[in-house]
Amino acid sequence: MKLAVCLATRGLVHSRTIESVLLNIDENWNRMENTALFFTHDLPIPDAQNNLIERALDWRADWIWMVEEDMLIPSGVLRAMLEDGGKIVAVDYPVGEGRWST
């Protein structure tokens, strides 16, 4: 299985975002043959997201995981998304005290 982790940024990514992504990958490493991180810099929306998707598809990714530059991914999210098996999976994540976003 090939997993493309796609991060559209304006040049800055929170260290906790990268840490939470890597921890989720590490929890599932035995299930992945290949994992690649794709970044963009200084591209506007939607060009940044489209660029990432094109590059991930060129790499022939089986799964594309879009992560925003300021997300804190809870432990187990990647595993749950992979086990869901759906074509598109969205996950609620915390964005502050008692607030969530999808």
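Located above this text is the structure these notes cover.
Note that this is a predicted model, so its numbers are computed, not measured. (Residues numbered from 1 in each chain as written. Predicted model: local features only at pLDDT ≥ 70, side-chain atom pairs only at ≥ 80, totals over all residues. Heavy atoms only, no water.)

Asks: Let's hear about the pattern of salt bridges: which residues, and what values?
Replies: According to the stated counting rule, one finds one salt bridge in the structure shown. Notably, a salt bridge pairs Glu27 with Arg79, separated by 3.6 Å at the nearest N-O pair. With a gap of 52 residues between them, Glu27 in helix 1 (residues 15-27) and Arg79 in helix 3 (residues 77-84) connect regions that are remote in the sequence. You can call Arg79 partly exposed: its relative accessible area is 32%. (Salt bridge = Lys/Arg side-chain N within 4 Å of Asp/Glu carboxyl O. Helix = DSSP H or I, 4+ residues; strand = E, 2+ residues; numbered from the N terminus. Buried < 20%, exposed > 50% of the residue type's maximum accessible area, 1.4 Å probe, protein only.)

Asks: Please provide a residue-by-residue account of the side chain of Glu69, values included.
Replies: Here Glu69 lies in the loop between strand 3 (63-68) and helix 3. With near-sequence residues (within four places) excluded, Glu69 lies in contact with Leu7, Ala8, Thr9, Arg10, Leu12, Val13, His14 and Thr17. (Contact = heavy atoms within 4.5 Å.)

Asks: Please provide a residue-by-residue account of the sheet that holds strand 2 (residues 34-41), values included.
Replies: Pairing within the open sheet is parallel, and its three strands lie in the order 2-1-3. Each having just a single partner strand, strand 2 and strand 3 make up the two edges of the open sheet. For this sheet, the mean inter-axis angle between neighbouring strands, taken without regard to orientation, is 20 degrees. Across the sheet, helix 1 is in contact with strand 1 (2-9), strand 2 and strand 3; its angle to strand 3 comes to roughly 155 degrees. (Pairing = 2+ DSSP bridges. Axes fitted to C-alpha atoms, helices over the stretch in contact; angles between N-to-C directions.)

Asks: Lay out the nonpolar core with the relevant residues and their values.
Replies: Val5, Val21, Ile25, Trp65, Val67, Ile73 and Leu78 are the most contacted members of the largest nonpolar core, which has 14 residues in total. Only strand 1, helix 1, strand 3 and helix 3 provide two or more residues apiece to this core. Looking at this core, the element that brings in the most residues is helix 3, giving four residues. Beyond its immediate stretch of four places on either side in the chain, Val5 contacts Val21, Ile25, Thr35, Ala36, Leu37, Phe38, Trp65 and Val67. Within the second largest apolar cluster, nine residues are counted, among which are Ala4, Cys6, Ala36 and Ala48. (Core = buried A, V, L, I, M, F, W, Y, C linked by side-chain atoms within 4.5 Å.)

Asks: So what's going on with helix 2 (residues 47-58)? Residues and values would help.
Replies: Counted at 1.5 Å a residue, the expected span for helix 2 with its twelve residues is 16 Å, and the 16 Å between its end C-alpha atoms agrees. Among the residues of helix 2, Ala48, Leu52 and Ala56 are the ones counted as buried. Looking straight down helix 2, one finds its buried side chains confined to an arc of 65 degrees; they lie on one side. Within helix 2, the exposed residues directed more than 90 degrees away from the buried face are Glu54, Leu57 and Asp58. (Expected span 1.5 Å × (residues − 1). Arc of directions from axis to C-beta.)

Asks: Pulling in residues and values, what's your account of a nonpolar patch on the surface?
Replies: On the surface, Leu57, Ile64 and Met66 cluster together into a nonpolar patch covering about 250 Å² of accessible area. Within the element layout of this structure, Leu57 appears in helix 2. Residue classification places Leu57 among the exposed positions, given a relative accessible area of 53%. (Patch = residues over 30% accessible without salt bridge, like charges linked within 9 Å, V, L, I, M, F, W, Y side chains within 5 Å. Areas by Shrake-Rupley, 256 points an atom, 1.4 Å probe, with all protein chains shown as cover.)

Asks: Would you mind going over unusual backbone geometry in detail, with residue names and values included?
Replies: Along the chain, Ile45 connects to Pro46 via a cis peptide bond; the corresponding omega equals 5 degrees. In this model, Asp42 sits at a positive phi of 65 degrees, which is unusual for a non-glycine residue. Take Asp42: it is sitting in the loop between strand 2 and helix 2. Its identity is not glycine, yet Arg60 carries a phi of approximately 65 degrees, on the positive side. Tracing the sequence through the fold places Arg60 in the loop between helix 2 and strand 3.

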